[in-house]
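A structural walkthrough
Chain by chain, the residues run as shown.
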Amino acid sequence: MSTSAQEILGVSRREGRRLMELWWQRMTEAAQTGHPTAYVFVMAPLSELLLTFDFVINAPEITSLQTAIRGQSQAYIQLAEDYGFSPDICGYVKADVGVQLKEGEHPYGRVPRPALVVTNNVCNTYLKWAEFWEHYYGCPVFTFDLPGWRGRESLREGTEAFRETFENDCRYVLGQLRELIEVCERITGKSFDIDRFREHLREANRMAELYHAVCDTNRHIPAPFNAPLEGVTYQGIANLYRGTPEGTRYFELALEEMRERVRLGMAAVPDERFRLVLVGTACYSHFRRFVELFSSWGGVFVHSTYMVFAGGGFVPGFGYDLGRPLESFAEQMVRATYWGWTGAMFYQQEWLDRVVRDWKVDGICFHGVKSCRTTSTGLPDVREWMRVQRNVPGLFIQSDLVDPRLWSDAQIKNRVDAFFEALAAHKAAVGR
Amino acid sequence: MELERIFDDLRALVEDPSFPAVRRWLEANPQGKVVGHFQVFFPEEVAHAAGLLPVKIAGAGGTVQVRQADARIAAFVCSIVRSSLELALSGRLDFLSLMVVPNICDAARNGCGVWVRSFPQMRVETLYHPHNASSAHAVDYLVGEYRRIGRVIEELSGRPITEDALRASIALFNENRRLLREVYRIKRESPWLLSAVESYLLVRSAGLMPREEHNVLLRRVLELLPQRPAKKQDRIRVVFEGGFCEQPPLDMLAVIQNACYIVDDDLMIGLRWITEDVPLDGDPWRNLADSYLNRSSYSPVQRDPRKPKAEMLLRRIREAGAEAAIVAAAKMCEPGLEEQVHYSRALDGAGIPHLVMEFEETMTVFEQVGMEVETFAESLLFQFA
Ligand code: SF4
Ligand code: SF4
């Protein structure tokens, strides 16, 4: 199907919205009919497997984020705090707890109860989050344990130590995968169909290629999309429609649109002056404002670490070997955990280094999320490392993902403004 | 009195951020190397079997002013992660050849990246204990992970870890764990003989000195304790929960023990994680891995569906003959704070009185804690009278 140039502009937004609505429709229906729903996280989504068993997939990070987009997160967070959760606990957890305490009532629809939870330790808070559902619903929780980034020396590819570690991890992950399959069979009463699984893997391979190609369009000056804005839709679709033809089709259209924008010289931020990377997430309770603080200076985010670790873990070279689906699935999970999820989070300077070079980045915004130690603990250190070792200026600001009480507008604006002034001077000094 | 002197010395050791016992060991073993391990659990036998000294890095309490670490770590992170890094940045851990950070939580694991960037000369490793503890593959995996750390240690020591050496180390640590179990038995059965602070010092010091010395010390203390001229008092018996990682200040424990007997706790649980002897027959690597998973305690930072934590806490309370619990969590500690919710609800459900509190290792003022605990204890004494 080919689309005319006129139709293609704006298609990723329109299609993104449609697919999001469709997902909510499926969730709401599942809440009504009791169709089995699996809760799963964006880091290690496992959709290829869960779809093979016809689970409806709930991604609670996305539903939590959306409570903030709708300006309603605070009320949900408050419910969780009244239940006993501390103000210092992850805002995503609390927004979801609030939704669950309201029997799934969400601004976009209804969240079904879990027939199965597949949690993992890519973020350790996932383990605790799952324990809430376990207590609250008494639902089965499968813990998919994914050993991740180990340190500078241990995961140096090509060494004997790497091979041994990788093989040991893959055996463990494959073993768990087989155990999870049994759990899924028990819950759904369906037998595992490896051919269906293979089809989902095939779609995911295609999606991964397209996802990278879309990200790559932003190497162009001016950048055709703004990573926190369009990027968050890409991430959403990459998780919710991973392994499906609808998802693949979405990224084909998104790629077409971005290429068209590049061809026409259309910029995500008019009069692009500064090319930035966002490390961490945006603040979704003040989403427009967050982006505007940068775009008003002509600053565009050409990439974000969020697009890496919450975008499916499609690491470079990602691709399932369809001839050995289960083994290959386990291997890709391990690789994604090493590089896409934990490595990109805890040892991100290597990724930043490459993106700064290839996406022609002027500066980095490190957004510390007060209630998320996973994305935020070491950010001041990475910022310093990039400044000292690579002469790349960085801004460190703090607020939250979804808790509006932690947004302090005047303070953040002051810092952003001061950063851009310094960045302009820096650009002039390095002759760009 | 000999006992008082021992406890004074231990307190001085625990509160000295220069790690005097490690430095003494290095003077006696000039070629010796030291492995630091962050909370909660590390198989110290692996380091010991290679001739290295394992040392528990569990923050600095209030003994060090955190300056440099605050510039590297976000402010909304617990204190132990920052103060442990500060110990290293200020040169106090200059003896470390290897630092191992187990994957206990997001702050600690992320902190490991900061260590890697900050100390290019030091080997720094994350150790992944299984979170899918009930998987049939968990033991095999953990054997592989322990051997991986073993290989790193062998590289440092320049000598292989033989099975016999590992068995001998296991035997030494088994003895240490047995002696600590004795300490806890006394705490449960006759808490008037051993205060919470004293028992804490006995456990904490295990991670700060060679175990050979620690075993001698424990044996002596266990000999002396029954002769102590202490009398049972009318105090409420509580379990203190929430000390699995960041440690409450000693003075906070002192304030609590003024009002109640702490008859069991999870303080420094990693040093008492394994609850029975690790078998000496067969493959020692497998025995260590198997013991971590199958002969062990519980904590908010390990997921094991066979050990639902709230039920485990109820069991601890029951087995200690406690009437109540203090359910604490370190400030900004995500897993601790989350577990607190479930603990508290389970205790409510079981009708067990409990006090919920937050602490920070750097706290210096305890009036508030004192008042809360006293009021709590008094209301219970009245209730149980
Ligand atoms: S990554 Fe951060 S925001 Fe997401 S679940 Fe973990 S702690 Fe919460
Ligand atoms: S105190 Fe809590 S948050 Fe801090 S390192 Fe320990 S487990 Fe992690």
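This text goes with the structure placed above it.
Here goes a summary of the coordinates provided.

Each value, and the rule that gives it
Residues numbered from 1 in each chain as written. Chains lettered and ligands numbered in written order. Predicted model: local features only at pLDDT ≥ 70, side-chain atom pairs only at ≥ 80, totals over all residues. Heavy atoms only, no water. Helix = DSSP H or I, 4+ residues; strand = E, 2+ residues; numbered from the N terminus. Rg over C-alpha atoms; globule rule 2.2 N^0.38 Å. Buried < 20%, exposed > 50% of the residue type's maximum accessible area, 1.4 Å probe, protein only. Contact = heavy atoms within 4.5 Å. Phe/Tyr/Trp six-rings, centres within 6.5 Å; stacked < 30°, edge-to-face > 60°. Lys NZ or Arg CZ within 6 Å of the ring centre and 35° of its normal. Near = heavy atom within 4 Å. Buried area = accessible area lost by both parts, 1.4 Å probe. Salt bridge = Lys/Arg side-chain N within 4 Å of Asp/Glu carboxyl O. Nonpolar A, V, L, I, M, F, W, Y, C, P; charged D, E, K, R; others polar.

Structural notes on the overall build of chain A
Looking only at helices and strands, chain A features 18 helices and ten strands. For chain A, the C-alpha radius of gyration of 21 Å lies close to 22 Å, the compact-globule estimate for 432 residues. Relative to its full complement of 432 residues, chain A shows a buried share of 64%. A separation threshold of at least 6 residues defines the contact pool for chain A, and within that pool the share at least 24 residues apart is 79%.

Focus: the packing of aromatic side chains
Residues and elements named next belong to chain A. A complete count under the given rule lists 46 aromatic pairs over all chains for this structure. Taken together, a centroid distance of 5.9 Å and an interplanar angle of 70 degrees make the contact between Phe85 and Phe132 edge-to-face. On the criterion of sequence distance, the pair formed by Phe85 in the loop between helix 5 (73-83) and helix 6 (91-101) and Phe132 in helix 7 (residues 124-137) is long-range, its members being 47 residues apart. For the ring pair Phe162 and Tyr338, a centre distance of 6.1 Å and an interplane angle of 75 degrees mean the geometry is edge-to-face. A residue pair is termed long-range when its members are at least 10 positions apart, and Phe162 in helix 8 (residues 160-188) and Tyr338 in helix 14 (residues 325-346) qualify at 176 residues. Tyr338 carries the same exposure label as Phe162, and that label is buried. Members of the aromatic cluster, connected to one another through ring pairs, are Phe53, Phe192, Phe197, Tyr211, Phe225, Tyr234, Tyr250, Phe251, Phe314, Phe318, Tyr320 and Phe329. A cation sits over an aromatic face here: Arg219 above Trp359, 4.3 Å from the ring centre. In this arrangement the basic side chain of Arg335 is found over the ring face of Phe166, its NZ or CZ atom lying 5.1 Å from the centre.

Topic: the site of ligand 1
In the vicinity of ligand 1, the contacting residues are Cys90, Tyr92, Cys123, Thr125, Tyr126, Trp129, Cys372, Thr374 and Leu401 of chain A. With three residues, helix 7 of chain A is the single largest residue contributor to the shell around ligand 1.

Focus: the interface of chain A and chain B
On the side of chain B, 56 residues touch chain A, which itself brings 63 residues to the contact. Summed over both sides, the interface between chain A and chain B buries roughly 4,800 Å², with carbon and sulfur atoms accounting for 50% of that surface. Applying the counting rule to chain A against chain B returns ten salt bridges. With a closest N to O distance of 2.8 Å, Arg150 of chain A and Glu145 of chain B form a salt bridge. Counting only elements with at least two residues in the side of chain A that touches chain B, the list comes to helix 7, strand 6 (141-144), helix 8, helix 14, strand 9 (363-369), helix 16 (373-376), helix 17 (379-390) and strand 10 (394-399) of chain A. Sort the elements by how many residues they give to the side of chain A that touches chain B and helix 7 of chain A lands first, with nine residues. Counted by class, the side of chain A that touches chain B contains 24 nonpolar, 25 polar and 14 charged residues.

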